[in-house]
Amino acid sequence: MARHVQLGLPARWSTPAGGLALLAIAAVLLFLVVNPLARLVAVSLQDPETGAFTFANYLAAYGRPRYVQALWNSLALGGVVTLLCLGFALPVAWGVARTDMPGKALVRVAVLGAFATPPYLGAIGWILLAGPNAGWLNRVWSLTGARAGLFNIYSFGGLAFIIAIYSFSYLFIFTTAALELVSSEMEDAANILGAGPLRTALRVTLPLALPAIAGGAIVTFLETIALFGSPALIAIPARFNVVTTQLLQFFAMPIRVEVAAAYAIPLLLITLALFGVQRWLIGRRGFVALTGKGGERRLIALGPWRWVLFGYAALLLCLSVVLPYAALAQAALARAWGRGFSLSNLTLDNFRYLLFVHDTAARSVVNSFTFAAAAASIALLLALAVGYIVARRLLPFAPVLGFVSMAPFVIPGIVLAIAFYAAYAPPPLSLYGTPLILILAFATRFLPVGYANTSAAIRAINPEMEEAVRILGGGRLVAIRRVLAPLMRRGLAGAWLLVFIPATRELSTAMFLYGPKTRTMSVMLMDMSEEGNFEQLAALGFILLIATLVIVASAWPLIGRDFMRRREGA
Amino acid sequence: MSKLALRGLTRRFGRVAAVEDVTLELTEGEFVSLLGPSGCGKTTTLRMIAGFIQPSAGTIEMDGRTLSAPGFALAPERRGMSMIFQSYAVWPNMTVGENVAFGLKLRRLSASEIRRRVDAILEVVRLGALRDRYPAELSGGQQQRVALARAIVIEPEVLLLDEPLSNLDAALREEMRGEIRRLHDAFRITTVYVTHDQAEAMVTSDRIVVMNHGRIEQADDPVALYTRPRTRFVAGFVGRTNFLDGTARGDTIAFPGIALPLAGLADSPAPGEKASFSVRPRQIAMHEAPPASDGGCWWIEGRIVERAYLGEQWEYVVQPSNSALRLRVSTPPLLRRAIGQAVWLEIDPRAIARIPPP
Amino acid sequence: MPAPTRRSVTAGLGALAVAPLLPRLAKAEQATLAEAARKEGGLTWYVAQVDGETAENMARAFTQQFPGVKVSVMRTTGQVAYERLTQDLRNNAPQCDVFSTTDIAHMPALMKRNALARYAPENAQAIAPALKGLGEEGFYYPTTYTLFVILYNSQKLKPEEAPRAWTDLLDPKWKGRVAVAHPGFSGYMGVWTLAMRDLYKWDYFDKLARNNPRIGRSAVDPVTLLNAGEVLVGASTVSNGLLSASKGNPIGVQYPTDGSVVCIGPSGVLANAPHPNAARLFANWLLSPEFARIATRYYVFPARADSPAVPGAKPLDSVKLIRLTTAQIGKGVPEVIEQWRDTFS
């Protein structure tokens, strides 16, 4: 019972070995989370040569209009993407949660598909679709006799659009979750006073879900400004910079880690501040009106309008899933994608070449999956240890450990990478270019996901299960081995996958930490995009996706359907 | 010598004392209940006995050996006790047989001995046929029996039960509390039983310890506890009651609006002394006419102001004439009276319990 | 030490005269080197001079010739490769064995920090005389070169419609349909940008900016955009153009009347190379006849004097060339990168 956990400080681990193990875990957290961030701040305030205290790095980082402009571009991009996502997600979320719109299961699966697509892969699909002259959509448009293409993906608007179609799932998930809790009585009350369905939705239902929507909007904004892949693919050719691409420039010759650190600090501060706002919003407005099951829930009959809403959802999913994947598939199976759809243009050679001929690409596939597996295992072990210590209050400062484990959640991947670079690339550790630095950075980046899931799994197990072992004469380790671990197997497998999958596709962290022998698929994809080799690029993207699907499918019986739910909650 | 002794046991969480100065001794084979409302400290006391919580002050001894003292607690796994939890805590990853055998395996008994003991205990709790089932395939009552078998099979020094029946429905609860007593009669294991349900405590226990705000209010056998509550809290918590608060004046005692003779009271207050009494609704008889003679009883004239039919009995609320008191009276189901009817209440002062004034 | 003698002999008599004599001497030395390299197992090659696929093919050819010596290819643009290398050096985490860049000024900079190994490859004497002076004897040598030229989509443009001179790219009719690389990434692009600045002042790029060019990163990018029909004209290397055309893509090459820019790709062995013997074996191989054959197959010009002609390429003496010195590149390229970022971002 929870009551016991709150009341009882159980007898501590009394052996010295146990105490040492606890200290070791605290030390690992310090190493992975606290020290890199401390180094980041320190480096940003140091002269690179003398180590003396200085603000010069900040002057260098923000001393040029171009650099400041990049920051503004990021903020504007975040704002536009958030607005677009609201426009995409809210009607569809309302339709799925509150109305008799058809095809809901399909819509949910497709939203998950959009969520699961690495944004850079989607961006590549859209380059094939909406390249200003040769993109498929523009080729179709040119049949009308128009001289200029209809879409130009290489533009601020184009970038905002492709980011939005791959990030609206956050808002969708947050909003549907909230809307599903709104009682129909709330809507009935408005109806009885004479409000129609639309007015009720806009004035009653959506405002009730407002804290959740605001929370989702903030996450969307933050994800956008921290994104690296899509801006690198789109913004550089479109000739503008955002914070993340600008940070990459500071890593260019001569590499200036200290300036990059200084430039990254405001990004960190914005993120921290907005997460603070999000917590405050959700804490204050809470889900007061939404608490509990809130009475019965009936679906609103939309009449013919339900087909309109379904059409909108279908269009959205065409844009985010169907069209880009079709374009990618065509390129992956083509000798030259520009030649279009014809039997003579069809080949599996791209796959064969990548997997069996191209050494670097084949190795990047292996790297991605081994690094991700190692990172997921490390993150999970650590999360499990910390989760257990926190749940059982084995240390006086246990809650601090929990907080530290969640902290990377608010650190943009690119900032974490720079922090890791500053802390561990140079001697004495000299982890630069080793697989270890990537594995540790991935483990740190996804530690919060692991922690949130494992501690939920631990909390889901009644401590009495463990106490029953102890009172019968089994020690803590017997309890963990014989009862806790078997009971958590499912939860742990799910949590492991939730770390593993994003780690296989992580780009922004890898971009700054990879070495010649530690390139991951994501980095490889970016390199190939530089050479414009879209056929092999698309094929590599498919290898990534197929491998992920195979892993999830094979793990499905083990983890069951609560996997998806937890993913939505995470 | 006592089997288990708690001496001045105190546990504070921050500034709040959850358990304060609890002293209690159990003899070998005794069944003692800790009874009280939630938050009274009974579960904390039990968990201190188990070793999950260290005391802030006081000691716990078993067979004269100190198990717990401030800054020291023998680990739960080394106390030789067993415990049954509110959630049953039957491990879902093990079969019934494996659950029950677990404690025996930890004691490194031979496989044949384990088998024999598990078979025996499963017969006792009537689960012999379910040995290879998993807990998820059992009903709540069956799971509870597994928990019981698992706890008893190791023949613990002390058996601890933490509200074991609170998750069961009413009928099953009644069945299981009988089962627990039956097992105790069979094995005579020294037992501490935590509950907030007085009926459960009364059915199972040799002795009931009523706790409130972390302290012991009264520790007595069930009959004494009901008939002779020593505190207002105990009187109110164990069964329902009416409180009469008065002051002795000459040879009468004055309650609000009524004066009654002191004669007949077992524990008669001195003149001018305040005195309170607990009168059970069942101890009040209701008549339609005034008595011919008082027969040594108190007679109070009044009027019915509320009534409720509960099936097994009637519940009336009677307001004495010229008084704001409201007395609850239980009568047999056939005794039907109308609201507003004038009645005479009869109370035997020899049978009522004197309690400290408020 | 036979090497200095031999070099002086070679210098005096010319390559042809000693050709029958040399291989035997070289063979013995190469055999010991190959044996040591095999023990090291492989090497890491940072390369910007060719595209990734070509680099992988070259690496495989090397391993075929020297079984047991695997090459892990790290192909990226010149400036990125150099950043990587600088990071390796700064972090004292050597990864790279042989460095083949597209910005020749990287090499003196590396020499200055003592990052290049002292090594004179056997095959260095076979370098074409015109290229010989461009390396630094005993440290680095040109291994490939190419020309920066105008490429166009030959499906959509007839040869006579294609731009003839660099200044033609400024014609408003190419607005939105012209592609270039980024000097902040591509080394050869930096050399070309510098050459254009020398020729026409920065004004050229201010005007180009008005034509809203599509800017990639690598010099391979414009070729991709041309293939896709995304743009009609672009600036890239003749090697990239011919290679792509050989695969059936609609690429035409135009040698600009105001000059094709000569781009030299030097290679050197790193002082702290993790596989010093394999590195030397590979560096020598980059100047070998075998490499020359493979390079020309992929339309890259090898540095050897006796290399076969690159199919489809005009003989150099029939083309107007623009040459820049290493010193010019070292000073000018960082400048034009900054100017570029200010103009184009």
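Residues numbered from 1 in each chain as written. Chains lettered and ligands numbered in written order. Predicted model: local features only at pLDDT ≥ 70, side-chain atom pairs only at ≥ 80, totals over all residues.

Colleague: How would you explain the overall build of chain C if you had to name every residue and give the values?
Modeller: For chain C, the count of helices and strands is 14 helices and eleven strands. In summary, chain C has a C-alpha radius of gyration of 20 Å against a globular reference of 20 Å for 345 residues, a match within 12%. Projecting the C-alpha coordinates of chain C onto the three principal axes gives extents of approximately 60 × 45 × 35 Å. Looking at chain C residue by residue over its 345 residues, the buried ones come to 55%. Put simply, 80% of the contacts in chain C that link residues at least 6 apart link residues at least 24 apart. (Helix = DSSP H or I, 4+ residues; strand = E, 2+ residues; numbered from the N terminus. Rg over C-alpha atoms; globule rule 2.2 N^0.38 Å. Buried ≥ 20, exposed ≤ 12 C-beta atoms within 10 Å, placed from the backbone. Contact = placed C-beta atoms within 7 Å.)

Colleague: Run through the overall build of chain A, naming residues and quoting values.
Modeller: A count of helices and strands for chain A gives 27 helices and zero strands. Considering only contacts within chain A whose residues lie at least 6 apart along the sequence, 77% involve residues at least 24 apart.

Colleague: Quick one: what's the story with the pairing of strand β18 (residues 314–320) of chain B, residue by residue and with numbers?
Modeller: Residues and elements named next belong to chain B. Inspection of the sheet shows strand β17 (residues 298–309) paired to β18 by seven bridges, in the antiparallel sense. Directly across from Ala308, in β18, lies its bridge partner Glu315. Turn length for the β17-β18 hairpin, with the two strands adjacent in sequence and antiparallel, is four residues, and the turn residue Gly311 shows positive phi of about 90°. Note that β18 and strand β19 (residues 327–331) share five bridges and pair antiparallel. (Pairing = 2+ DSSP bridges.)

Colleague: An account of the sheet that holds strand β14 (residues 258–261) of chain B is requested, with residue identities and associated values reported.
Modeller: Residue and element names in this part refer to chain B. Read from one edge of the open sheet, five strands run β14-β13-β12-β15-β21, paired in antiparallel fashion. Of all strands in the sheet, those with a lone pairing partner are β14 and β21 (353–355), marking the two edges. Adjacent strand axes in the sheet meet at a mean angle of 40° when their direction is disregarded. As defined by bridge partners, strand β12 (residues 242–249) adjoins strand β15 (residues 274–279) across six bridges and the pair is classed as antiparallel. Bridging across to β15, Leu244 finds its partner in Phe277. (Axes fitted to C-alpha atoms, helices over the stretch in contact; angles between N-to-C directions.)

Colleague: Account for the interface of chain C and chain A, naming residues and giving values.
Modeller: Listed per partner, the contact involves 41 residues of chain C and 32 residues of chain A. If you list the elements that add at least two residues to the side of chain C that touches chain A, you get β1 (42–47), α4 (52–65), β2 (70–75), α5 (78–90), β6 (214–215), α10 (221–227) and α14 (326–344) of chain C. When residues in the side of chain C that touches chain A are grouped by element, the largest group, six residues, is from α5(C). Of the residues in the side of chain C that touches chain A, the class split is eleven nonpolar, 21 polar and nine charged. (Nonpolar A, V, L, I, M, F, W, Y, C, P; charged D, E, K, R; others polar.)

Colleague: Any chance you could break down the interface of chain A and chain B for me, citing the residues and the numbers?
Modeller: Contacts between chain A and chain B engage 20 residues on the former and 28 residues on the latter. Sorting elements by how many residues they give to the side of chain A that touches chain B places helix α22 (residues 463–471) of chain A first, with six residues.

Colleague: Which residues make up the packing of helix α4 (residues 140–152) of chain B against helix α5 (residues 170–187) of chain B, and what values go with them?
Modeller: All names here are of chain B. As a packed pair, α4 and α5 sit with axes 11 Å apart at the nearest point and diverge in direction by 15°. Taken together, α4 and α5 sit at an angle that is classed as roughly parallel. Pair α4 / α5 crosses with right-handed handedness. Two secondary-structure elements touch here, α4 through Gly140, Gly141, Gln144, Leu148 and Ile152 and α5 through Leu172, Met176, Leu183 and Phe187. (Parallel < 35°, antiparallel > 145°, perpendicular 65-115°, else oblique. Left-handed = near helix turned anticlockwise from the far one by under 90°.)

Colleague: Describe in detail the packing of helix α6 (residues 119–130) of chain A against helix α8 (residues 156–179) of chain A, supporting the description with residues and values.
Modeller: Residue and element names in this part refer to chain A. Interhelical geometry of α6 versus α8 gives an angle of 130° and a closest axis separation of 10 Å. With respect to α8, the axis of α6 lies oblique. Pair α6 / α8 crosses with right-handed handedness. Where α6 abuts α8, its residues Pro119, Gly122, Ala123, Trp126 and Ala130 lie against Gly158, Ile162, Ile163 and Tyr166. Across the contact of α6 with α8, the residue classes break down as seven nonpolar, two polar and no charged.

Colleague: An account of the environment of Leu260(B) is needed here, citing residue identities and associated values.
Modeller: Residue and element names in this part refer to chain B. Relative to the helices and strands, Leu260 is located in strand β14. By C-beta crowding, Leu260 is classed as buried, having 20 other C-beta atoms within 10 Å. The spacing of Leu260 and Ala248 is twelve residues in sequence and 9.5 Å in space, taken between C-alpha atoms. If near-sequence neighbours (up to four positions away) are discounted, Leu260 is found in contact with Thr252, Ile253, Phe255 and Trp298.

Colleague: Describe the nonpolar core, and please don't skip the residues or the numbers.
Modeller: The tendency in soluble globular proteins is for nonpolar side chains to be buried side by side. If you look at the biggest cluster of nonpolar residues, it comprises 286 residues, and the most contacted ones within it are Ala375(A), Ala379(A), Ile418(A), Val499(A) and Leu540(A). With 16 residues, the single largest contributor to this core is helix α17 (residues 359–392) of chain A. Excluding anything up to four places from it in sequence, Ala375(A) contacts Ile439(A), Phe442(A), Ala443(A), Phe446(A), Val499(A) and Ala503(A). Residues Trp45(C), Ala59(C), Tyr140(C) and Phe301(C) belong to the second largest nonpolar core, which totals 112 residues. (Core = buried A, V, L, I, M, F, W, Y, C linked by C-beta atoms within 7 Å.)

Colleague: Talk me through the arrangement of the chains; I want residue IDs and the actual numbers.
Modeller: By contact count, the leading pair among the two pairs of chains in contact is chains A and C. With respect to C-alpha atoms, chain B approaches chain C no nearer than 50 Å, and the pair has no contact.

Colleague: Got a sec to walk through the sheet that holds strand β5 (residues 65–69) of chain B? Specific residues and values, please.
Modeller: All names here are of chain B. Across the sheet, five strands lie side by side as β2-β1-β4-β5-β6; this open sheet has antiparallel pairing. At either margin of the open sheet sits one strand with a lone partner, and together these are β2 (16–26) and β6 (72–73). Alignment of β5 against β6, held across two bridges, turns out to be antiparallel. What sits directly across from Ala69, in β6, is Phe72.

Colleague: Requested: an account of unusual backbone geometry, with residues and values cited.
Modeller: Residue and element names in this part refer to chain C. One non-glycine residue, Asn114, lies in the positive phi region at around 60°. The backbone of Asn212 shows a phi angle near 50°, a positive value even though the residue is not glycine. Its location among the elements puts Asn212 in the loop between α9 (203–210) and β6. Given 14 C-beta atoms within 10 Å, Asn212 falls into the partly exposed group.

Colleague: Tell me about the confidence of the model for chain A, and name the residues and values.
Modeller: Residue and element names in this part refer to chain A. Summing up the model confidence of chain A, the mean pLDDT is 81 and the portion of residues at 70 or higher is 89%. Looking across chain A, the model is least confident in helix α1 (residues 2–7), with a mean pLDDT of 30, and most confident in helix α20 (residues 435–445), with 94. Segment residues 285–294 is flagged for pLDDT under 50; beyond a separation of four residues in sequence, or across chains, it makes 14 contacts in the model. Confidence over residues 561–570 falls short of pLDDT 50; this stretch has nine contacts with residues more than four positions distant or in other chains. (pLDDT = per-residue confidence, 0-100.)

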